[in-house]
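Here are the chains, one letter per residue:
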Amino acid sequence: MTRAADETRTWFITGASRGLGRAFTEAALAAGDRVVGVARDVTPLAELVAAADGRLVTFPLDVADRAAVFAGVRTAFEVFGRLDVVVNNAGGVVLGMLEELTERQAREHLDVNFFGALWVSQAVVPLLREQGSGHILQVSSMGSAGGFAATGVYGAGKAALDAMTEALAMEVERFGIAVTILQPGGYETGLFTSGLTITEQNPAYAELRAWLEQMWSESKDADPALAAEVVLRIVDMAEPPKRVILGDAAYGMVADLTAARTAELAKWEHLSRQAG
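Cut-offs used in this document
Here the residue numbers are simple positions, counted from 1 along each chain's written sequence. This being a predicted model, a pLDDT of at least 70 is required before a residue's local features are given, and a value of 80 or more before pairs of side-chain atoms are given or counted; all residues contribute to the totals for chains, interfaces and linings. Each side-chain value is derived from all of the structure's non-hydrogen atoms; neither hydrogens nor water enter the calculation. Any two strands with at least two DSSP-identified bridges between them are counted as paired. Strands here are runs of E lasting at least two residues and helices are runs of H or I lasting at least four, both read from the DSSP assignment and numbered beginning at the N terminus. Between the N-to-C directions of two axes lies an angle of 0 to 180 degrees, each axis being a line fitted to C-alpha atoms and, for a helix, fitted only over the stretch in contact. Whether two residues are in contact is decided by their heavy atoms: any pair within 4.5 Å suffices. The working definition used for a salt bridge is a side-chain nitrogen of Lys or Arg within 4 Å of a carboxyl oxygen of Asp or Glu. Throughout, exposure labels follow a simple rule: accessible area from a 1.4 Å probe, protein chains only, divided by the maximum for the residue type, with under 20% read as buried, over 50% as exposed, and the rest as partly exposed. Handedness of a crossover is defined as follows: orient the strands so they point away from the viewer, and if the path from the first strand over the helix to the second runs clockwise, the crossover is right-handed. The term polar contact refers here to a pair of N or O atoms within 3.5 Å; inside protein, the definition further demands a hydrogen-donor-capable atom paired with an acceptor-capable atom, and it admits residues adjacent in sequence only when both atoms are side-chain atoms. In plain words, nonpolar cores are sets of buried Ala, Val, Leu, Ile, Met, Phe, Trp, Tyr and Cys residues tied together by side-chain atoms within 4.5 Å.

Student: I'd like a description of the sheet that holds strand β2 (residues 34–39), backed by residues and values.
Tutor: Spatially, β3-β2-β1-β4-β6-β7-β9 is the arrangement adopted by the seven strands of the open sheet, whose pairing is parallel. Whereas interior strands pair on both sides, the edge strands pair on one side only; in this sheet they are β3 (56–60) and β9 (243–246). Along the sheet, successive strands turn relative to each other by an average axial angle of 15°, direction set aside. Helix α5 (residues 152–172) contacts β6 (134–139), β7 (177–184) and β9 of the sheet and is inclined by roughly 160° relative to β7. Together, β1 (10–14), β4 (85–88), β6, β7 and β9 form the strand contacts of helix α7 (residues 224–236), whose direction differs from that of β6 by roughly 150°.

Spelled out as C-alpha coordinates, the structure:
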(Lines give C-alpha, C1' and ligand atoms only; values in the text may rest on other atoms or scores of the structure.)
Protein backbone atom coordinates (compact mmCIF):
# COMPACT_ATOMS: atom_id res chain seq x y z
CA MET A 1 0.00 0.00 0.00
CA THR A 2 1.38 3.43 -0.92
CA ARG A 3 0.65 6.71 0.80
CA ALA A 4 -2.15 9.04 -0.26
CA ALA A 5 -1.18 11.60 -2.89
CA ASP A 6 -1.84 14.49 -0.50
CA GLU A 7 0.08 13.01 2.45
CA THR A 8 3.19 15.04 3.24
CA ARG A 9 5.88 13.38 5.28
CA THR A 10 8.60 14.99 7.36
CA TRP A 11 12.10 13.55 7.07
CA PHE A 12 15.02 13.98 9.45
CA ILE A 13 18.28 13.22 7.62
CA THR A 14 21.75 13.27 9.15
CA GLY A 15 24.76 13.81 6.92
CA ALA A 16 22.41 15.61 4.53
CA SER A 17 25.01 17.88 2.92
CA ARG A 18 26.61 15.41 0.53
CA GLY A 19 26.48 11.97 -1.04
CA LEU A 20 23.59 9.69 -0.20
CA GLY A 21 22.24 12.10 2.40
CA ARG A 22 21.93 14.87 -0.14
CA ALA A 23 20.39 12.48 -2.68
CA PHE A 24 17.79 11.40 -0.10
CA THR A 25 17.08 15.05 0.70
CA GLU A 26 16.60 15.97 -2.96
CA ALA A 27 14.38 12.94 -3.60
CA ALA A 28 12.17 13.66 -0.59
CA LEU A 29 11.72 17.28 -1.66
CA ALA A 30 10.94 16.22 -5.23
CA ALA A 31 8.26 13.91 -3.83
CA GLY A 32 6.62 16.89 -2.11
CA ASP A 33 7.80 16.05 1.38
CA ARG A 34 9.44 18.22 4.03
CA VAL A 35 12.98 17.71 5.27
CA VAL A 36 15.04 18.71 8.27
CA GLY A 37 18.60 18.14 7.12
CA VAL A 38 21.56 18.25 9.47
CA ALA A 39 25.31 17.86 9.10
CA ARG A 40 28.43 19.30 10.64
CA ASP A 41 28.47 21.79 7.77
CA VAL A 42 25.13 22.59 6.12
CA THR A 43 26.34 25.42 3.86
CA PRO A 44 26.31 23.13 0.77
CA LEU A 45 22.52 22.91 1.23
CA ALA A 46 21.93 26.67 0.98
CA GLU A 47 20.82 26.52 -2.65
CA LEU A 48 18.35 23.72 -1.92
CA VAL A 49 16.96 25.64 1.05
CA ALA A 50 16.38 28.73 -1.10
CA ALA A 51 14.47 26.71 -3.70
CA ALA A 52 12.41 24.59 -1.30
CA ASP A 53 9.73 27.12 -0.32
CA GLY A 54 10.13 26.43 3.37
CA ARG A 55 10.06 22.65 3.02
CA LEU A 56 13.76 22.27 3.83
CA VAL A 57 15.18 23.40 7.14
CA THR A 58 18.83 22.84 7.98
CA PHE A 59 21.10 23.38 10.96
CA PRO A 60 24.56 22.12 11.96
CA LEU A 61 24.75 19.04 14.16
CA ASP A 62 27.58 16.78 15.26
CA VAL A 63 26.00 13.36 15.82
CA ALA A 64 28.94 12.32 18.01
CA ASP A 65 27.67 14.76 20.66
CA ARG A 66 24.82 12.96 22.45
CA ALA A 67 23.44 16.05 24.21
CA ALA A 68 23.49 18.00 20.94
CA VAL A 69 21.70 15.15 19.17
CA PHE A 70 18.85 15.09 21.68
CA ALA A 71 18.47 18.87 21.47
CA GLY A 72 18.69 18.76 17.67
CA VAL A 73 16.05 16.04 17.33
CA ARG A 74 13.70 18.04 19.56
CA THR A 75 14.30 21.12 17.39
CA ALA A 76 13.68 19.10 14.23
CA PHE A 77 10.42 17.77 15.64
CA GLU A 78 9.23 21.24 16.57
CA VAL A 79 9.93 22.65 13.09
CA PHE A 80 7.09 20.77 11.40
CA GLY A 81 5.34 19.19 14.39
CA ARG A 82 6.23 15.58 13.61
CA LEU A 83 8.85 13.23 12.19
CA ASP A 84 7.91 10.45 9.81
CA VAL A 85 11.16 9.22 8.27
CA VAL A 86 14.47 9.30 10.14
CA VAL A 87 17.59 8.54 8.11
CA ASN A 88 20.80 7.91 10.02
CA ASN A 89 23.23 8.63 7.21
CA ALA A 90 26.07 10.60 8.81
CA GLY A 91 29.34 8.75 8.66
CA GLY A 92 32.87 8.51 7.39
CA VAL A 93 35.60 6.02 6.54
CA VAL A 94 38.87 5.32 8.26
CA LEU A 95 41.21 3.57 5.85
CA GLY A 96 44.18 1.62 7.14
CA MET A 97 45.41 -1.65 8.54
CA LEU A 98 44.37 -2.44 12.09
CA GLU A 99 47.96 -2.27 13.32
CA GLU A 100 48.22 1.29 12.00
CA LEU A 101 45.17 2.74 13.72
CA THR A 102 45.63 5.16 16.58
CA GLU A 103 43.25 5.00 19.51
CA ARG A 104 41.94 8.46 18.64
CA GLN A 105 41.20 7.47 15.03
CA ALA A 106 39.33 4.35 16.10
CA ARG A 107 37.27 6.08 18.77
CA GLU A 108 36.41 9.15 16.69
CA HIS A 109 35.33 6.92 13.82
CA LEU A 110 33.00 4.83 15.97
CA ASP A 111 31.69 7.96 17.72
CA VAL A 112 30.16 9.00 14.39
CA ASN A 113 29.44 5.76 12.52
CA PHE A 114 28.03 3.79 15.43
CA PHE A 115 27.34 5.96 18.44
CA GLY A 116 25.94 8.81 16.34
CA ALA A 117 23.24 6.51 14.95
CA LEU A 118 22.58 5.14 18.44
CA TRP A 119 22.10 8.63 19.90
CA VAL A 120 19.71 9.64 17.10
CA SER A 121 17.76 6.41 17.52
CA GLN A 122 17.44 6.97 21.26
CA ALA A 123 16.29 10.55 20.72
CA VAL A 124 13.63 9.85 18.07
CA VAL A 125 12.02 6.71 19.47
CA PRO A 126 10.00 8.48 22.22
CA LEU A 127 8.65 10.97 19.67
CA LEU A 128 7.72 8.29 17.15
CA ARG A 129 6.20 6.14 19.88
CA GLU A 130 3.99 9.05 20.95
CA GLN A 131 2.91 9.49 17.30
CA GLY A 132 2.29 5.76 16.93
CA SER A 133 4.18 5.78 13.62
CA GLY A 134 7.48 6.43 11.94
CA HIS A 135 10.23 4.76 9.94
CA ILE A 136 13.91 4.67 10.93
CA LEU A 137 16.42 3.90 8.19
CA GLN A 138 19.98 3.10 9.21
CA VAL A 139 22.56 3.59 6.48
CA SER A 140 24.94 0.71 7.05
CA SER A 141 27.14 -0.75 4.31
CA MET A 142 27.60 -3.88 2.27
CA GLY A 143 30.91 -3.93 4.17
CA SER A 144 29.08 -5.00 7.32
CA ALA A 145 28.70 -8.45 5.77
CA GLY A 146 32.31 -9.28 6.63
CA GLY A 147 35.69 -7.86 7.55
CA PHE A 148 38.06 -6.72 4.81
CA ALA A 149 41.67 -5.57 4.85
CA ALA A 150 42.18 -1.80 5.38
CA THR A 151 38.52 -1.23 6.26
CA GLY A 152 38.36 -3.34 9.40
CA VAL A 153 37.16 -0.66 11.83
CA TYR A 154 34.73 0.75 9.25
CA GLY A 155 33.23 -2.71 8.75
CA ALA A 156 33.20 -3.35 12.49
CA GLY A 157 31.26 -0.15 13.13
CA LYS A 158 28.71 -1.01 10.45
CA ALA A 159 28.35 -4.58 11.74
CA ALA A 160 27.72 -3.17 15.22
CA LEU A 161 25.15 -0.80 13.71
CA ASP A 162 23.41 -3.75 12.03
CA ALA A 163 23.18 -5.74 15.27
CA MET A 164 21.97 -2.72 17.22
CA THR A 165 19.37 -1.98 14.56
CA GLU A 166 18.02 -5.53 14.55
CA ALA A 167 17.50 -5.21 18.31
CA LEU A 168 15.89 -1.80 17.85
CA ALA A 169 13.45 -3.20 15.28
CA MET A 170 12.27 -5.85 17.74
CA GLU A 171 11.90 -3.30 20.51
CA VAL A 172 9.83 -0.71 18.64
CA GLU A 173 7.68 -2.66 16.17
CA ARG A 174 4.77 -2.88 18.63
CA PHE A 175 4.71 0.93 18.74
CA GLY A 176 4.04 1.20 15.00
CA ILE A 177 7.66 2.11 14.19
CA ALA A 178 9.31 0.45 11.20
CA VAL A 179 13.08 -0.02 10.97
CA THR A 180 15.13 -0.75 7.84
CA ILE A 181 18.85 -1.38 7.45
CA LEU A 182 20.21 -0.01 4.17
CA GLN A 183 23.43 -1.65 2.97
CA PRO A 184 24.77 0.41 0.06
CA GLY A 185 27.63 -0.58 -2.18
CA GLY A 186 29.80 1.94 -3.98
CA TYR A 187 28.22 5.30 -4.81
CA GLU A 188 29.64 8.62 -5.95
CA THR A 189 29.39 10.23 -2.53
CA GLY A 190 32.78 11.78 -1.76
CA LEU A 191 33.03 9.43 1.21
CA PHE A 192 36.56 8.47 0.21
CA THR A 193 37.63 12.11 -0.11
CA SER A 194 35.94 14.55 2.27
CA GLY A 195 34.77 11.76 4.59
CA LEU A 196 38.07 9.90 4.73
CA THR A 197 40.64 9.43 7.49
CA ILE A 198 43.88 7.68 6.49
CA THR A 199 46.27 6.00 8.89
CA GLU A 200 50.04 6.46 8.84
CA GLN A 201 51.16 3.69 6.50
CA ASN A 202 53.37 0.87 7.71
CA PRO A 203 55.69 -0.25 4.87
CA ALA A 204 55.16 -3.89 5.88
CA TYR A 205 51.75 -3.68 4.17
CA ALA A 206 52.98 -2.08 0.93
CA GLU A 207 52.32 -5.13 -1.22
CA LEU A 208 48.83 -5.67 0.18
CA ARG A 209 48.04 -1.97 -0.12
CA ALA A 210 49.10 -1.94 -3.79
CA TRP A 211 46.84 -4.92 -4.48
CA LEU A 212 43.90 -3.23 -2.76
CA GLU A 213 44.41 0.03 -4.64
CA GLN A 214 44.46 -1.83 -7.95
CA MET A 215 41.27 -3.69 -7.10
CA TRP A 216 39.46 -0.56 -5.95
CA SER A 217 40.57 1.39 -9.02
CA GLU A 218 38.65 -1.06 -11.19
CA SER A 219 35.37 -0.59 -9.34
CA LYS A 220 32.69 1.77 -10.62
CA ASP A 221 30.56 3.85 -8.29
CA ALA A 222 26.88 4.43 -9.01
CA ASP A 223 24.76 7.58 -8.98
CA PRO A 224 23.33 8.17 -5.46
CA ALA A 225 20.03 9.20 -7.07
CA LEU A 226 19.45 5.55 -7.96
CA ALA A 227 19.64 4.59 -4.28
CA ALA A 228 17.34 7.48 -3.38
CA GLU A 229 14.69 6.21 -5.81
CA VAL A 230 14.69 2.84 -4.07
CA VAL A 231 14.53 4.44 -0.62
CA LEU A 232 11.44 6.41 -1.65
CA ARG A 233 9.80 3.14 -2.67
CA ILE A 234 10.77 1.56 0.65
CA VAL A 235 9.25 4.31 2.80
CA ASP A 236 6.04 4.05 0.75
CA MET A 237 5.58 0.39 1.69
CA ALA A 238 3.05 -0.63 4.32
CA GLU A 239 5.37 -3.49 5.33
CA PRO A 240 8.90 -2.33 4.44
CA PRO A 241 11.90 -4.67 4.40
CA LYS A 242 14.05 -5.02 7.49
CA ARG A 243 17.23 -5.07 5.39
CA VAL A 244 18.02 -4.07 1.80
CA ILE A 245 21.29 -4.14 -0.11
CA LEU A 246 21.57 -1.14 -2.42
CA GLY A 247 23.33 -1.81 -5.69
CA ASP A 248 23.50 -4.60 -8.24
CA ALA A 249 27.19 -5.39 -7.76
CA ALA A 250 26.85 -5.06 -3.99
CA TYR A 251 24.01 -7.57 -3.95
CA GLY A 252 26.08 -10.09 -5.89
CA MET A 253 29.10 -9.72 -3.60
CA VAL A 254 27.06 -10.02 -0.40
CA ALA A 255 25.20 -13.04 -1.79
CA ASP A 256 28.51 -14.73 -2.65
CA LEU A 257 29.95 -13.94 0.77
CA THR A 258 26.85 -15.30 2.49
CA ALA A 259 27.00 -18.50 0.46
CA ALA A 260 30.69 -18.96 1.28
CA ARG A 261 30.02 -18.40 4.97
CA THR A 262 27.14 -20.90 4.92
CA ALA A 263 29.39 -23.47 3.26
CA GLU A 264 32.11 -22.91 5.87
CA LEU A 265 29.54 -23.34 8.62
CA ALA A 266 28.39 -26.66 7.16
CA LYS A 267 31.98 -27.87 6.67
CA TRP A 268 32.70 -27.66 10.39
CA GLU A 269 29.25 -28.65 11.64
CA HIS A 270 30.62 -31.82 13.22
CA LEU A 271 33.01 -29.81 15.41
CA SER A 272 30.28 -27.40 16.41
CA ARG A 273 27.94 -30.18 17.51
CA GLN A 274 30.68 -31.96 19.46
CA ALA A 275 31.06 -28.85 21.62
CA GLY A 276 27.78 -29.59 23.35
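After that view, the rundown keeps rolling.
Student: Talk me through the pattern of salt bridges; I want residue IDs and the actual numbers.
Tutor: Applying the stated criterion to the full structure yields eleven salt bridges. Through salt bridges with shared partners, one network takes in Arg9, Asp33 and Asp236.

Student: Can you lay out the pairing of β7 for me, pointing to particular residues and giving the numbers?
Tutor: Taken across its eight residues, β7 has seven buried, putting it largely inside the fold. Of the pairings in the sheet, the one linking β6 to β7 comprises six bridges and is parallel in character. Looking at the pairing, Leu137 lines up with Thr180 of β7. In this view, the connection linking β6 to its parallel neighbour β7 by way of α5 has right-handed handedness. Bridge count for β7 against β9 is four bridges, and the pairing is parallel. Its bridge partner being in β9, Ile181 is matched across the sheet by Arg243.

Student: Go over the side chain of Asp162 with me, naming the residues and quoting the values.
Tutor: Considering the arrangement of structural elements, one finds Asp162 in helix α5. Among the polar contacts listed, one links the side chain of Asp162 to the side chain of Ser144, at a separation of 2.6 Å. Dropping the residues within four chain positions of it, Asp162 is found in contact with Ser140, Ser144, Ile181, Gln183 and Arg243.

Student: Explain the nonpolar core residue by residue, including any values.
Tutor: Counting 32 residues, the largest nonpolar core has Phe12, Val73, Leu83, Val124 and Ile136 as the members making the most contacts within it. Those elements that provide at least two residues to this core are β2, α3 (66–80), α4 (103–131), α5 and β7. Among the elements that take part in this core, α4 stands out by supplying eleven residues, more than any other. Discounting chain neighbours no more than four positions away, the residues touching Leu83 are Thr10, Phe12, Val73, Ala76, Phe77, Val124, Leu127, Leu128 and Gln131. Core analysis: the second largest hydrophobic core is formed by 30 residues, Ile13, Ala39, Leu56 and Ala228 among them.

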